[in-house]
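For reference, the chains in residue letters:
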Amino acid sequence: MISILYDIPSTRFSMAKPSSADGRTRSSVQIFIVVGLCCFFYLLGAWQRSGFGKGDSIALGITKKDADCNIVPNLSFDSHHGGEVSKIDEVDSKVFEPCDARYTDYTPCQDQQRAMTFPRENMNYRERHCPPEEEKLHCLIPAPKGYVTPFPWPKSRDYVPFANAPYKSLTVEKAIQNWIQYEGNVFRFPGGGTQFPQGADKYIDQIASVIPIKNGTVRTALDTGCGVASWGAYLWSRNVIAMSFAPRDSHEAQVQFALERGLPAVIGVLGTIKTPYPSAAFDMAHCSRCLIPWGANDGMYMMEVDRVLRPGGYWVLSGPPINWKVNYKAWQRPKEDLEEEQRKIEEVAKLLCWEKKSEKAEIAIWQKTIDSESCRSRQEDSSAKFCESTDPDDVWYKKMEACITPNSKASGGDLKPFPQRLYAIPPRIANGAIPGVSVDTFEDDNKKWKKHVNAYKKINRLLDSGRYRNIMDMNAGLGSFAAAIQSPKLWVMNVVPTIAEKKTLGAIYERGLIGIYHDWCEAFSTYPRTYDLIHSHGLFSLYQDKCNIEDILLEMDRILRPEGSVIFRDEVDVLIKVKKLIGGMRWDTKMVDHEDGPLVPEKILIAVKQYWVTGSNSTSTQ
């Protein structure tokens, strides 16, 4: 199986002297790729370390046999880059020691002890509260003993190794709701939920009887208070991708379980600050007994959902207080309370011009209006409060308010069904809403990233094999990397840095992809070991004068799985600094020329995180 990793015909890499400048460039690149990576990528041979299929030694043997590392033993960049690269290995790298075992599941900005020092009102204490500079850890977060590579998709949807998230509380607290079951050395996820104990598929069928899920019209979804994300897990087979979030709470590992299953999820909550998503982004939003007080605070949380829903998008609410007249006894709540709760929800929905499409059993579905002009006149007549901000996408640490976000004409326009949407011109670009990004810019970007991704696949043959399920693009731009790598086997978290010159995340969603705003001077809202592959294009050039590069690299190490891979693409001088720091991080690296040749100053740095666990110095190379 591992032989697919580096199955490159030897005839492509002739050692004969080239007859032209183009030949010299091509030969140089080819030889460097062969030699530099043949030794390096045998480290990936242990990717089968799942504990359930014992192919490690066979795979490693095949890889070593196929990769002759003695073709050209002493390549360097000296002839191209003025000697700086040659000096990188002359200076000892700072060695980063393992953190204490108690930090195995450390989430810096959602640390439990720090959280308890903040007010509980409006879930403030469950929001992001990052450590000050003097409290940041400068060590490597260890994997727990027994950690294994997760199962490949689609098996991972239903099974998670117990050692990777050894928390049984949900198996007890949610036993009758069919969320999760403990079976020997694995957790099994039967697909149930609080509102759908008989399975997510049947529940989604009920929703699909009202919402056009089958035809690709609905592609992006937001699941608030997602639990273990079974709703999103079962939407995947219907070509719908859900961004799920839940707080880090007493249930310990909801989001961690979601990501171990191979599902998009982040730690998050509807609290006092806006969600880190662009306006008019999602085709559908969902709450299944998520315990969010929708009618409270003058409908503030419903107004935030309205901000992120595109015109014509749907909101699904199941559980209390829907159909309270029938269900109040089962819920063991006073019917007066439930009646008032639903009254407030209906009142806010009317103010937002949402049309109720269905209310059946415990599921209610509203649709956001497409006719924003007539809606606006009605809202003005009702003296509704409109948000003062002129930029509905300016959300990072911005206070959430009970105000209505006007629909932006720039994001208006018909979206094609998915997958045609992936390469169709996003309305935000067609309408000129992103300064400096034209239709030609968009199309050129797509061509460029198709070329880059093809080059990546030649370097790392596992890229399209299903080995990497959870992928992150740390500086996503227009989402063209994610579009070029698009496959049912994987998903990409497209991160648009808050300091990026252009706010492109809305256009990424219009392509049928998902993502999030984030400032990489802080930790990401996820558990350790939740991404298989990280892509970083120009990120360190962007941040080199903004915060400590060391902190960003340590955060990458925290969220990357053992034996996970990183692809850095940046200017060579920046990558030299990065490579020096990585030298003390238990990563194995190789620098590779740009696919257009060694004279291009942009280079590629490939890295693999070694396998090691708490209390052990062993790695995957030993």
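Look a little higher up for the structure.
All values derive from a computational prediction rather than experimental measurement.

Asks: Please explain the overall build of the protein as it appears in this structure.
Replies: A tally of helices and strands in the protein yields 20 helices and 17 strands. Of the contacts made within the protein by residues no fewer than 6 positions apart, 69% connect residues no fewer than 24 positions apart. Here the protein has roughly 25,900 Å² of accessible surface; of this, 50% comes from carbon and sulfur atoms.

Asks: Would you take a moment to explain unusual backbone geometry for this structure?
Replies: Working note: non-glycine residues mostly have negative phi, and peptide bonds are mostly trans. In this model, W153 is joined to P154 through a cis peptide bond whose omega is 10°. On the secondary structure map, P154 appears in the loop between α4 (112–115) and α5 (155–158). Cis geometry marks the peptide bond from P320 to P321; its omega dihedral reads 5°. By the secondary structure assignment, P321 is in the loop between β8 (309–318) and α11 (324–331). The backbone phi angle of L291 is positive, close to 65°, even though this residue is not glycine. Positive phi outside glycine occurs at D298, with the angle close to 60°. Within the secondary structure, D298 is located in the loop between β7 (282–288) and α10 (300–308).

Asks: What is the right way to look at the pairing of strand β13 (residues 514–518) in this model?
Replies: Looking along a regular strand, one sees the side chains alternate between the two faces of the sheet. Counting buried residues along β13, 5 of its 5 residues qualify, which places the element largely inside the surrounding structure. By the alternation rule, side chains of β13 split into I514, I516 and H518 and G515 and Y517, which are all buried. Sheet topology note: the strand β12 (residues 491–497)/β13 ladder contains 5 bridges and is parallel. Considered in β13, the bridge of P497 is made with H518. For the segment spanning β12, helix α17 (residues 505–510) and β13, crossover handedness is right-handed.

Asks: Looking at this structure, I do not really get the packing of aromatic side chains. What am I missing?
Replies: Each aromatic ring pair is specified by the distance between its two centres and by the angle formed by the two planes. Under the definition given, this model contains 20 aromatic pairs. Note on W153 and W236: the rings are 6.1 Å apart at their centroids and 70° apart in plane angle, and the pair reads as edge-to-face. Of this pair, W153 sits in the loop between α4 and α5 while W236 sits in the loop between α8 (230–235) and β5 (241–246), placing them 83 residues apart in sequence. By relative accessible area, W153 is classed as buried at 18%. With 5.0 Å between their ring centres and 55° between their planes, F162 and Y182 make a pair best called tilted. Here F162 is found in the loop between β1 (159–161) and α6 (169–173), whereas its partner Y182 is found in strand β2 (residues 181–183), with 20 residues between them in sequence. Assessed through its relative accessible area of 35%, Y182 is described here as partly exposed. By the ring-pair criterion, three or more aromatic residues cluster together here, those being F162, Y182, F187, F189 and F257.

Asks: Mind showing me how you'd approach the side chain of R307 here?
Replies: As for its placement among the helices and strands, R307 is situated in helix α10. There is a polar contact of 2.9 Å between the side chain of R307 and the side chain of E304. Each residue touching R307, except ones within four places of it in the same chain, is listed here: T275, Y277, P278, S279, A280, P392, V395 and T405.

Asks: In this structure, what is going on with the state of the cysteines? I would like to understand it.
Replies: As used in these notes, a disulfide is a covalent bond between sulfur atoms, one from each of two cysteines. Applying the stated rule across the entire model yields 6 disulfides. Between the sulfur atoms of C287 and its disulfide mate C290 the distance is 2.1 Å. In this structure, the disulfide formed by C287 and C290 twists by about -100° around the S-S bond and is classed as left-handed. Classification of C287 as buried rests on a relative accessible area of 2%. On the accessibility criterion, C290 (12% relative accessible area) is buried. Here C353 pairs with C375 through a disulfide, and the sulfurs are 2.1 Å apart. The sign of the 100° torsion about the S-S bond sets the C353-C375 disulfide as right-handed. Of this pair, C353 sits in the loop between α12 (335–351) and β9 (354–360) while C375 sits in helix α13 (residues 372–381), and the two are 22 residues apart along the sequence. For the pair shown, C353 and C375 are each scored as buried.

Asks: Where do I start with the environment of V210 in this structure?
Replies: By the element assignment, V210 lies in the loop between α7 (200–208) and β4 (220–224). The class of V210 is partly exposed, set by a relative accessible area of 28%. Once the C-alpha coordinates of V210 and S358 are considered, the two residues, 148 residues apart in sequence, prove to be 7.2 Å apart. Excluding residues within four positions of it along the chain, V210 makes contact with K357, S358 and I365.

Asks: Is there a simple way to explain the pattern of salt bridges in this structure?
Replies: Between side chains of opposite charge, a pair can form when the charged atoms approach closely. Per the stated rule, a full pass over the model turns up 35 salt bridges. Note that R157 is salt-bridged to D158, the shortest N-O span being 3.0 Å. Of the charged contacts, one joins K503 and D391 as a salt bridge, the two residues approaching to 2.6 Å between their closest N and O atoms. Taken together, the residues K503 in the loop between β12 and α17 and D391 in the loop between α13 and α14 (427–430) connect sequence positions 112 residues apart. Residue D391 is classed as partly exposed on the basis of its relative accessible area, which comes to 27%. In the salt-bridge network here, residues are joined through shared partners; they are E133, K136 and D551.

Asks: Before we go on, may I ask you to explain α7 in this structure?
Replies: Quick reminder: α-helices carry 3.6 residues per turn. Residues three or four places apart thus point the same way. If you check which residues of α7 are buried, you get A200, Y203, I204 and I207. The buried side chains of α7 occupy one side of the element, clustering within an arc of 95° when seen end-on. Of the surrounding secondary structure, the elements contacted by the buried residues of α7 are α8, β7, β8 and β10 (363–368).

Asks: What is the right way to look at the nonpolar core in this model?
Replies: A general feature of soluble globular proteins is that nonpolar side chains tend to end up buried together. By size, the foremost hydrophobic cluster in this structure holds 134 residues, and its most contacted members are M284, W294, W315 and F568. Counting residues in each nonpolar core, the second largest holds 9 residues, with W179, I180, F187 and F257 among its members.

Asks: Which parts of the structure should I look at to understand the packing of helix α19 (residues 549–559) against helix α20 (residues 572–582)?
Replies: Helix-helix packing: each pair is described by the crossing angle between the helix axes and the interaxial distance. The interhelical angle for the contact between α19 and α20, taken along N-to-C directions, is 60°, at an axis separation of 11 Å. With respect to α20, the element α19 is oriented oblique. As for how α19 packs across α20, the hand of that crossing is right-handed. Residues I549, E550 and L553 of α19 pack against V578, L581 and I582 of α20. Residue classes in the contact of α19 with α20 are distributed as 5 nonpolar, no polar and 1 charged.

Asks: How should empty space enclosed by the protein be read in this particular structure?
Replies: Any empty space left between the atoms is revealed when a probe the size of a water molecule rolls over them. Following the criterion strictly, the structure yields 7 cavities of 30 Å³ or more and no others. Its volume calculated, the largest cavity comes out at about 270 Å³. What lines the largest cavity is a set of 22 residues, among which R128, I267, G268, P276 and S525 lie closest to the centre. When residues of the lining of the largest cavity are assigned to their parent elements, the largest contribution, 3 residues, is made by β13. Taken together, the residues that form the lining of the largest cavity break down as 13 nonpolar, 5 polar and 4 charged. The computed volume of the second largest cavity comes to approximately 80 Å³. In this structure, the second largest cavity is lined by R219, W236, I241, A482, Q486, L490, W491, V492, N494, L513 and I514. In terms of residues, the lining of the second largest cavity owes the most to one element, β12, which gives 3 residues.

Cut-offs used in this document
- Residues numbered from 1 in each chain as written.
- Predicted model: local features only at pLDDT ≥ 70, side-chain atom pairs only at ≥ 80, totals over all residues.
- Heavy atoms only, no water.
- Helix = DSSP H or I, 4+ residues; strand = E, 2+ residues; numbered from the N terminus.
- Contact = heavy atoms within 4.5 Å.
- Areas by Shrake-Rupley, 256 points an atom, 1.4 Å probe, with all protein chains shown as cover.
- Buried < 20%, exposed > 50% of the residue type's maximum accessible area, 1.4 Å probe, protein only.
- Pairing = 2+ DSSP bridges.
- Right-handed = clockwise from strand over helix to strand, strands pointing away.
- Phe/Tyr/Trp six-rings, centres within 6.5 Å; stacked < 30°, edge-to-face > 60°.
- Polar contact = N/O pair within 3.5 Å; in protein donor to acceptor, adjacent residues only side chain to side chain.
- Disulfide = S-S within 2.5 Å.
- Salt bridge = Lys/Arg side-chain N within 4 Å of Asp/Glu carboxyl O.
- Arc of directions from axis to C-beta.
- Core = buried A, V, L, I, M, F, W, Y, C linked by side-chain atoms within 4.5 Å.
- Axes fitted to C-alpha atoms, helices over the stretch in contact; angles between N-to-C directions.
- Parallel < 35°, antiparallel > 145°, perpendicular 65-115°, else oblique.
- Left-handed = near helix turned anticlockwise from the far one by under 90°.
- Nonpolar A, V, L, I, M, F, W, Y, C, P; charged D, E, K, R; others polar.
- 1 Å grid on protein atoms, 1.4 Å probe; cavity = no way out; pocket = protein on both sides within 12 Å on 5 of 7 lines; lining within 4 Å.
- Points joined across faces, edges and corners; volume = space filled by probe spheres on them.

Don't take any of this as a statement about function, it's just geometry.
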